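# Working through the structure, step by step
Chain residues, written in single-letter form:
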Amino acid sequence: MKKLLLLMAAVVMVFAFVTPGIAADDNACHNCPGDKTTGGCALGTIACSGEVTNEPDTCPCFDYDTGVGYSTANTNCRVLFDICDCSDYSKFDDGVTVGVRMTSLTTGFYFTDDLVYFRSYTDRTYADPCADVGVPDSFDSDLGTAYNYYTDTTRSTTVLPADCDTSCTPNKAMVKESVKDSGFAIVGGYEECVWWLNMPAMKYDSSEAVRGDLVQVKIELLVDKAGMCSDWEAVCDCIVDIGTYCPLPAPPAPIQECIYFPYVIVRDFDNPTVNWTTGITVSNVSSLFSSTTTVAPADATITYTLIDSTGAVFTKTVAAGDMSGVMDVGILYTDGWTGGPPAEGRAMLKADTNFAVDGYEVMTDGTFVGSTLARGCCSLCD
């Protein structure tokens, strides 16, 4: 038990050399590296019920190794144990029987009655297992033809396993463990220390599963515990990312309803002390984009905020119905601002609207003309 507690405490460690998707307490757990055809391990997306959203009382089956039940399947993801890298590798010895224990770490996700097959290799570069192909029922051997299933991680209550179908049952096995002595028996001269394990098919109850959750399974290799209290002993383990369940859709991009001009010139209409003039256009572009709500000119409003060269703040409002068409066009004069006339010269200007907005600025001294687009206020939000 002390050994198991130490293993459970250590599974939070993620080794830097392990491909994302597998964490372990030993150096024994590996994934296939990327290559030019597969791009490595891409975490799959477990399909929503009906491919759209959670629906109560639906319990689909899905399979990590085949991609069945995924809306986007994992790519080149393998659960590889390098026995020689286990901290207790010496316990994998002639005559020892090896079993497996799998524990679902994610609420609402359960094991079916699939066997756990494996295929073994001597290639510790992992090129052979990562290039190999196969389906679970053609693997070389299994880690037990009989399993105990438990409803909780303390393994106190047994349950019959669920079938790999879409029906919902009370048979919700969070732990799948080889029956003692029913696993793979190591025989003399066995040298294939790299094991590719298939992940048994699982299912979920959509009334319990949480959209967007990362689905994880802890896998432990078990060996005979010597002595009068014979039992399994966990000697190697991994936590494997099975996929993201029914990710929530990305939030829509914020509608830009605020723009600003970091440099403008404001001048007096009758007695200018500066010879530069700034023209501003604020455009209601809501009708151009199907993803935004169109705001009619009669309903459009704009609040301008101007900060002059002294730092004083002034406002001006274009009320609903005051815009002529879909654009508000004008020259920045000192009159009409709440708070009095701003100082002539350099200033900053912001426009807050109730519609999707863009803007354009022109500056001229009567000879030279320069122009620029407005900037979205959201560019400052991050």
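That block above? That's the structure.
Residues numbered from 1 in each chain as written. Predicted model: local features only at pLDDT ≥ 70, side-chain atom pairs only at ≥ 80, totals over all residues. Heavy atoms only, no water.

Let us look at the overall build of the chain. Looking only at helices and strands, the chain has two helices and 26 strands in total. Considering only intrachain contacts with a sequence separation of at least 6, the fraction spanning at least 24 residues in the chain is 75%. Accessible surface, the chain as shown: approximately 18,500 Å² in total, 56% of it carbon and sulfur. (Helix = DSSP H or I, 4+ residues; strand = E, 2+ residues; numbered from the N terminus. Contact = heavy atoms within 4.5 Å. Areas by Shrake-Rupley, 256 points an atom, 1.4 Å probe, with all protein chains shown as cover.)

So, on to the sheet that holds strand E20 (residues 302-308). Taken in spatial order, the five strands line up as E21-E20-E23-E18-E26 in an open sheet, and their pairing is antiparallel. Of all strands in the sheet, those with a lone pairing partner are strand E21 (313-318) and strand E26 (375-376), marking the two edges. Here strand E18 (residues 258-266) pairs with strand E23 (residues 345-353) via seven bridges, running antiparallel. Counterpart to Val266 in the pairing with E23 is Gly345. (Pairing = 2+ DSSP bridges.)

Moving on to the side chain of Asp241. Position of Asp241 relative to the elements: it lies in strand E17 (residues 232-245). We note that Asp241 is buried and unpaired, the nearest opposite charge coming from Lys218 at a distance of 14 Å. Only 2.9 Å separates the side chain of Asp241 from the side chain of Gln216, close enough to count as a polar contact. (Buried < 20%, exposed > 50% of the residue type's maximum accessible area, 1.4 Å probe, protein only. Lys, Arg positive; Asp, Glu negative; His and termini not counted. Salt bridge = Lys/Arg side-chain N within 4 Å of Asp/Glu carboxyl O. Polar contact = N/O pair within 3.5 Å; in protein donor to acceptor, adjacent residues only side chain to side chain.)

A complete count under the given rule lists six disulfides for this structure. Bridging Cys29 to Cys238, the disulfide has an S-S length of 1.6 Å. Taking the torsion about the sulfur-sulfur bond, which here is approximately -120 degrees, the covalent link between Cys29 and Cys238 counts as left-handed. With Cys29 in strand E2 (residues 29-30) and Cys238 in strand E17, the pair connects residues that are 209 residues apart, well separated along the chain. Disulfide pairing is shown between Cys61 and Cys164; the S-S distance is 1.8 Å. Taking the sign of the S-S torsion, -90 degrees for the link of Cys61 and Cys164, the bridge is left-handed. Of this pair, Cys61 sits in strand E4 (residues 61-62) while Cys164 sits in the loop between strand E11 (147-150) and strand E12 (175-178), and the two are 103 residues apart along the sequence. (Disulfide = S-S within 2.5 Å.)

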